[in-house]
Amino acid sequence: MPSVNGHGPKTAILYARVSTKKQAEENHYSLPQQREALRSYCEREGYVVIEEVEDPGYSGASLKRSGMDWVRDLVADGDVSVVLAQDRDRYAREPAYLYLLHKEFAEHGTMLRALSDRGDDSPEGELTDGILDQLAKFERAKFAERTRRGKHRKRWQGRLVAGYTPGYGYRYNTARDGLEVDAGQMRTVRRIFEMMAQGASFYSVIRTLEREGISSPRGQERWNRPTIRNLILNDLYQPHTVAEVAELVAPEVAATLAPERRYGIAYYGKKQITKRQVSEGSGGKRRYRWRINAKTRDRGQWLAVPVPDSGLPRELVDAARESIRYNNQTSSGGYKTWEVSGGLIRCAECSHSMGTKTAGGGKAGRRLFYYRCTGRYKGQGSVVICSHKKHHRAEATEAEVWRLVVDSSKIPNNSAPTWSA
């Protein structure tokens, strides 16, 4: 990076970023290395560091980052000579965003600089950096495309791509390109199929597994109905003949299968997932989270990969599936009590949306419904970001909301919905 020494006081904000939470937690040397390089440059050039800002676990594909928000606020307050990052892509991976930040900071007399800069403030220098940004963007796009094609080709050849947790009862092989049976977990899978085939209810299966201290596929103590249902309907556990598998996979993959054996099927590409960042909060407290939408693709677009036979008899799998044939799939809304959750009601302390919590139910008695702050229970209670720990009874909360709706819209009070549990 060329020197930007000049006359007068020189102040700097240092900015560091890594793209994922995993990088921030496991690749712990990256952020310290960025900070050290920036500090060394400031010491050489005579800059006074007034703030060090980090964005751990935020993608450079968006400017919606809490750390970048803070940098922009500091620049807007004035008296900042330069904002420094180790590389230009630490600010953003999109050239248009870099241009936006450059112009925004320039309005406040602040320079946007990176140690990897090759140009200067001249038109020629800006052109050089702009060309390098576009080339970097092109290379990242090509790399992502090559990675996607490589993964698709690997699966098309009947091999797996280790990246997601394998199905319950399976684990990755040594080469991590295929699955092998986990005998301990598969015994639990077999018990579930046997209990359901014998007419047991979802509730009794769940209580049996929890009473015996068997962990769920996510390693939790509690099981739920959708987990049991998805296990029974998953083609991983249904034995397929080679002829059946051949209808789902490429001919060269079918040719590698042993005719006398049976195989399960793992499907990939079942859902089309889109992610976008949304901001929430007020009163100067902004946070960003990912909103993920998943849409099931047509079955013809699914990619099938044969895996080792689970060992479950075909008759057992068919009987278990028949037992839930007329059971409706659980609503994705879970135990939501009304439409107050999901963003319509928020925590007064941290502005997170209020979620729902249930207690009791089943043979234990009447199920009780509560609202609670989702911010306090992020990460299953391991990360507490809000002090609001009270649970609010749903009946009282919804009655108060309805009263406010009536008062504001003049709806006749006798049209209010009744509470049922």
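Only a predicted model underlies this, so the values are computations on that prediction, with no experimental measurement involved. (Residues numbered from 1 in each chain as written. Predicted model: local features only at pLDDT ≥ 70, side-chain atom pairs only at ≥ 80, totals over all residues. Heavy atoms only, no water.)

Concerning the nonpolar core
This is how the line gets drawn: Side-chain atoms within 4.5 Å are what join buried Ala, Val, Leu, Ile, Met, Phe, Trp, Tyr and Cys residues into a set we call a nonpolar core. Note on exposure labels: buried denotes an accessible area under 20% of the residue type's maximum, exposed denotes more than 50%, and partly exposed covers the range between, all computed with a 1.4 Å probe on protein chains only. A helix here means a DSSP run of H or I that spans at least four residues, while a strand means a run of E at least two residues long, and both kinds are numbered starting from the N terminus. The criterion used for residue contact is that any of the two residues' heavy atoms lie within 4.5 Å.
Of all hydrophobic cores here, the largest spans 30 residues; its most connected members are Ile192, Phe193, Met196, Trp223, Ile228, Tyr237 and Leu312. Among the elements of the structure, strand S5 (170-172), helix H6 (183-197), helix H7 (202-211), helix H8 (225-233), strand S7 (263-268), strand S10 (303-308) and helix H11 (314-323) are those that each provide at least two residues to this core. Ignoring anything within four residues of it in the chain, the contact list for Trp223 reads Tyr168, Thr188, Ile192, Ile206, Leu209, Glu210, Ile214, Ser215, Ser216, Pro217, Ile228 and Leu231. Counting 18 residues, the second-largest nonpolar core is a separate cluster that includes Val71, Leu74, Val83 and Leu98.

Things to note about a nonpolar patch on the surface
Selection criterion: Nonpolar side chains (Val, Leu, Ile, Met, Phe, Trp, Tyr) within 5 Å and like charges within 9 Å form the patches, drawn only from residues with over 30% relative accessible area and no salt bridge. Using a 1.4 Å probe, accessible areas were evaluated by the Shrake-Rupley method; residue-level cover was limited to the displayed protein chains. Salt bridges are counted wherever a side-chain nitrogen of Lys or Arg sits within 4 Å of a carboxyl oxygen of Asp or Glu.
Taken together, Ile131, Leu132 and Leu135 make up a surface patch of nonpolar side chains, about 260 Å² in accessible area. Among the structural elements, Leu132 can be located in helix H5 (residues 123-156).

Things to note about the confidence of the model for the protein chain
Do not read the fine detail of predicted coordinates wherever pLDDT is low. For clarity, the threshold we go by: Confidence scores per residue from the predictor, reported as pLDDT, run from 0 to 100.
Averaged over all residues, the pLDDT of the protein chain is 77; the fraction at 70 or higher stands at 71%. Counting interchain partners and residues more than four positions distant, the pLDDT-below-50 stretch residues 2-7 has twelve contacts. Long-range and interchain partners of residues 379-383, a stretch whose pLDDT sits below 50, account for four contacts in this model, where long-range means more than four residues apart.

Let's talk about the sheet that holds strand S2 (residues 48-56)
Formally: Note on pairing: two strands pair once DSSP finds at least 2 bridges between them. Simply put, an axis is a line fit to the C-alpha atoms, just over the touching stretch for a helix, and the angle between two N-to-C directions goes from 0 to 180 degrees.
The parallel open sheet is built from four strands, whose spatial order is S2-S1-S3-S4. With one partner strand each, in any of the chains shown, S2 and strand S4 (111-114) form the two edges of the open sheet. Between one strand axis and the next, the sheet turns through 20° on average, direction left out of account. Across four bridges, the pairing between strand S3 (residues 82-85) and S4 is parallel. Its bridge partner lying in S4, Leu84 is registered against Arg113.

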